[in-house]
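Take a look at the letters that make up each chain.
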Amino acid sequence: MSGRELVVLGIETSCDETAAAVVRGGREVLSSVVSSQVDLHARFGGVVPEIASRAHVELITPVIAEAMLSAGVEAKDIDLVAATMGPGLVGALLVGVSSAKALAMVWDVPFVGVNHLEAHMHAAFLDEPDFELPAVVLLVSGGHTMLVHWQEDGSYSLLGETQDDAAGEAFDKVSRYLGLGYPGGPVIDKLAGEGDASIVKFPRPMLNDGNVFSFSGLKTSVVNYVRKNPEVATEDVAAAFQEAVVDLLVTKARRAAVEVGAKALCLAGGVAANSWLRERLLSVCVEEGLQAYLPSREMCTDNAAMVAAAGWHRYLIDGPSGLDVGAEPNLRLVVT
Ligand code: KG4
Ligand code: ZN
């Protein structure tokens, strides 16, 4: 069989989603199962690492079984097992990595450890079969906010990242402050749609400082504003906050794409599910004559199909990972 057609079982357990997927040839999703632990963590206002690890242990076997069943594949059909090895919560990552290595050993197939950030970037291939490089990727998740230049040969360089909070973290913290619960992104997204963003213009920190982001000052501005103006409707505050975040993200992504001469702008990571961000990015791409790659919302937030796609790609470039590979909670994006 050509390497291009390999059937990959992907496993994702870096945070609070237990996910497994079967993907053929790095692009064709045969199944993608995501079991969210959101309800378990919601009452604590954020992810509790110990609870996440325990839930992954309970869920990993049924989630893998369901992914294989709904893909219509059996053990003998799997050519490669890929799992997220970092960055993420160490106890959570260990569940996925250990399960993947055990299955690879029993089935006598290779194992590949996958960088979660690289996995988010590969979501573009799943929904856009014609996805072509070079592109600038705006990778915005709960733990990361960065601009990546993804070159034609598949190598990439980091153009810049956040100096403090990630964009998703800002959504989650503002949501918690406004009493809207966890995770904050989807709630603010929905509420902002009913609000008036023009009631206040929140600051855009570091707007003109190249590809570097900062969100913690913006979050503080929202808190101070609400303290001084308790009568202002929550949906208006949500809309004005979202407007500031999206403005920062889109302005910088646009500038970076033009500067490096990219042909396309691509969104990745959980915050890429945001309706206003998607709409603004599309218009910017039309204005600049850039291709826009917006993976579906399901592929933007944590899932295992993106892990399988990235694992397939890594395997073709670097071959299998050793079975001594473990969880790497602080893994960085490997700049090639
Ligand atoms: O990529 P992801 O699923 O997990 C990490 O790798 O972090 O991203 C989760 C983050 C959370 O902070 C969540 O609030 C945010 O993505 N998020 C959103 C939306 N959906 C999820 N942020 C803004 N708007 C959304 N619709
Ligand atoms: Zn993620």
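Look up a bit, the structure's there.
Owing to the predicted nature of the structure, the values given are computational and were not obtained by experimental measurement. Positions within a chain are numbered from 1, following the residues in the order the chain's sequence is written. Chains and ligands are labelled sequentially in the order written, the chains with letters from A and the ligands with numbers from 1. In view of the model being predicted, local features appear only for residues whose pLDDT reaches at least 70, and side-chain atom pairs are presented and counted only at 80 or more, with totals across whole chains, interfaces and linings using the full set of residues. The side-chain figures draw on all heavy atoms in the structure; neither hydrogens nor water molecules are used.

1. A look at the coordination of the zinc ion (ligand 2)
Distances from the zinc ion (ligand 2) to its protein donors, H116 (NE2), H120 (NE2) and D302 (OD), fall within 2.0 to 2.1 Å. Any N, O or S atom lying within 2.8 Å of the metal counts as a donor, and for Na, K and Ca the limit rises to 3.2 Å; water is left out, so some sites can look incomplete. Read in sequence order, the donor residues coordinating the zinc ion (ligand 2) give the pattern H-x3-H-x181-D. Of this pair, H116 and H120 both sit in helix α4 (residues 116-127), four residues apart, roughly one helical turn. Each member of the pair H116 and H120 is classed as buried. Helix numbers and strand numbers start at the N terminus; a helix is a DSSP run of H or I with at least 4 residues, a strand a run of E with at least 2. Buried residues are those whose accessible area, probed at 1.4 Å on protein chains only, stays under 20% of the maximum for their type, while exposed residues exceed 50% and partly exposed ones sit between those limits.

2. What about the site of ligand 1?
Taken together, 20 residues sit near ligand 1, with G142, D172, G185, D189 and G270 positioned nearest. Within 3.5 Å is the distance limit for a polar contact, defined as a pair of N or O atoms, with the added protein rule that one can donate a hydrogen and the other accept it, and that residues adjacent in sequence qualify only through two side-chain atoms. Taking H120, its side chain carries an N or O atom lying 3.0 Å from an oxygen atom of ligand 1. Accessible surface is estimated by sampling points in the Shrake-Rupley manner with a 1.4 Å probe; for residues, cover comes only from the protein chains shown. Relative to its unbound accessible area of 550 Å², ligand 1 is 88% covered by the protein chains. Contributing elements (two or more residues each) for the shell around ligand 1: α4, α5 (167-177) and α6 (184-192). Per element, the largest residue contribution to the shell around ligand 1 is four residues, and it comes from α6. We call Asp, Glu, Lys and Arg charged. Ala, Val, Leu, Ile, Met, Phe, Trp, Tyr, Cys and Pro are nonpolar, and the rest, Gly among them, are polar. Across the shell around ligand 1, the residue classes tally to five nonpolar, twelve polar and three charged. We call a residue near a molecule or strand when any one of its heavy atoms sits within 4 Å of it.

3. Notes on the packing of α5 against α6
Taken N-terminus to C-terminus, the directions of α5 and α6 make an angle of 70°; their axes are 8 Å apart at the nearest point. The angle between the axes of α5 and α6 places the two elements in the roughly perpendicular class. Residues F171, D172, V174 and S175 of α5 lie in contact with α6, whose contacting residues are G184, G185 and I188. Here the contact of α5 with α6 is built from residues that sort into three nonpolar, three polar and one charged. Where helices are involved, their axes are fitted lines through C-alpha atoms of the stretch in contact, as for all axes, and angles between N-to-C directions lie from 0 to 180°. Orientation labels follow simple angle bins: below 35 degrees gives roughly parallel, above 145 gives roughly antiparallel, 65 to 115 gives roughly perpendicular, and whatever is left gives oblique. Should any heavy atoms of two residues lie within 4.5 Å, those residues are counted as being in contact.

4. Examining the environment of G160
Within the secondary structure, G160 sits in strand β8 (residues 156-161). Its relative accessible area of 10% is what places G160 among the buried residues. If we skip the residues at most four places from it in the chain, G160 touches T145, M146, L147 and N211.

5. A word on unusual backbone geometry
In the segment running from G86 into P87, the intervening peptide bond is cis, with an omega of -5°. In this structure, P87 sits in the loop between β4 (80-86) and α3 (90-107).

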